[in-house]
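# A closer look at the structure
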Amino acid sequence: MLIHCHPDPNSFVAGVTERARTALEGAGHDVRFRDLYAEGFDPCFSAIERARHLDSGIDPSIAEHALDLQWCDTLVLSYPTWWSGQPAMLKGWFDRVWVRGVAWDLPDGSNRLTAQLRNVKRIVVLTTHGSPKWVNSIEGESGKRTVTRALRMLCHPRCRTRWIAMYGIDSSTAEQRSDFLDRIDASVAAL
């Protein structure tokens with residue numbers, strides 16, 4: 001499953017996503033593609049959803065997203081890193097789709113979640129950062145931790161994560177951006 005999250009269809013991240021999609025399909029992978037902005041995904045976790053978050057029912061508006069997530073063995077997320085994390089649209093996708101009955105369960109009498117996405121054996125992130133790597137390291141890379149710790153724990157016990165990031169995109173050259181796109185081709189084709 002490939003999730004694209006950027007409001008500008010002509011952005012560099014859109015180019016990254018397209019390269020990833022082409023590489024995945026070229027390698028013979030069955031790809032289910034979601035462009036959150038293009039499809040008008042509603043990222044708002046409503047008061048009603050919050051009130052019933054311990055129920056196992058899936059909101060009909062996100063049912064197809066839930067089915068895609070339960071179907072895939074590899075999840076590829078393509079987005080820009082803004083304010084050290086995922087864009088609000090993608091964070092809303094986590095809030096609304098990674099719910100009880102899809103990504104986790106809480107058995108009666110337990111205070112510990114059980115992972116439900118055992119089908120997901122790999123999470124790959126394709127992202128850009130405006131600032132250099134050292135700035136992100138000082139900030140703690142909270143977006144990376146969200147994926148490698150929080151999301152990963154709801155997947156297969158041996159789920160692997162791969163972080164493919166272009167740091168310093170705001171001051172990058174055309175050659176550096178081209179090299180990163182070539183890196184996407186090689187990395188994604190090897191999945």
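In this report, we go over the structure that sits alongside the text. Within each chain, residues carry numbers counting from 1 in the order of the written sequence. Where totals are concerned, whole chains, interfaces and linings use all residues; where local detail is concerned, this predicted model gives features only for residues with pLDDT of at least 70, and gives and counts side-chain atom pairs only at 80 or more. In computing side-chain properties, one takes all heavy atoms of the structure into account and sets aside hydrogens as well as water.

## A word on the sheet that holds strand β1 (residues 2–4)
Strand-to-strand pairing in sheets goes through backbone hydrogen bonds, with the strands running parallel or antiparallel. Rule in force here: Think of it this way: DSSP has to see at least two bridges between two strands before they count as a pair. By definition, any uninterrupted DSSP run of H or I lasting at least four residues is a helix, any uninterrupted run of E lasting at least two residues is a strand, and each is numbered from the N terminus. Each axis is a line fitted through C-alpha atoms, taken for helices only over the stretch in contact, and angles between the N-to-C directions span 0 to 180 degrees. In this description, contact between two residues means that some pair of their heavy atoms is separated by no more than 4.5 Å.
Spatially, β2-β1-β3-β6-β7 is the arrangement adopted by the five strands of the open sheet, whose pairing is parallel. At either end of the open sheet lies a strand with only one pairing partner, and these are β2 (33–35) and β7 (160–166). In this sheet, neighbouring strand axes are inclined to one another by 15° on average, regardless of whether the strands run parallel or antiparallel. Strand direction decides the pairing type here: strand β6 (residues 122–129) and β7, joined by seven bridges, are parallel. Counted as the bridge partner of Leu126 is Ile164 from β7. Against the sheet, helix α6 (residues 142–151) touches β3 (74–81), β6 and β7, its axis set at about 170° to β7.

## A look at unusual backbone geometry
This is how it is decided: A 1.4 Å probe rolled over the protein chains alone gives each residue an accessible area, and that area as a share of the maximum for its type sets the label: buried under 20%, exposed over 50%, partly exposed in between.
Of note, Trp83 is a non-glycine position whose phi angle comes to about 50°, a positive value. With respect to the secondary-structure elements, Trp83 resides in the loop between β3 and α4 (88–97). A positive phi angle, near 70°, is found at Ser84, a position not held by glycine. Among the secondary structure elements, Ser84 is positioned in the loop between β3 and α4. Of the residues examined, Ser84 reaches a relative accessible area of 18% and is grouped as buried.

## Thoughts on the packing of helix α1 (residues 12–26) against helix α7 (residues 174–189)
Using the following cut-off: Should an angle fall under 35 degrees it is called roughly parallel, over 145 degrees roughly antiparallel, and 65 to 115 degrees roughly perpendicular, with every other angle called oblique. Note: crossing handedness is left-handed where the near helix turns anticlockwise from the far helix by less than a right angle, and right-handed where it turns clockwise. Classification used: nonpolar for Ala, Val, Leu, Ile, Met, Phe, Trp, Tyr, Cys and Pro, charged for Asp, Glu, Lys and Arg, polar for all others including Gly.
Where α1 meets α7, the axes come as close as 8 Å, and the angle between the chain directions of the two elements is 30°. As summarised for this structure, α1 and α7 are arranged roughly parallel, according to the angle between their axes. The element α1 and its partner α7 pack so that their crossing is right-handed. Residues Phe12, Gly15, Val16, Arg19, Ala20, Ala23 and Leu24 of α1 form the contact with α7, whose participating residues are Arg177, Phe180, Leu181, Asp182, Ile184, Asp185, Val188 and Ala189. Looking at the contact of α1 with α7, its residues break down into 10 nonpolar, one polar and four charged.

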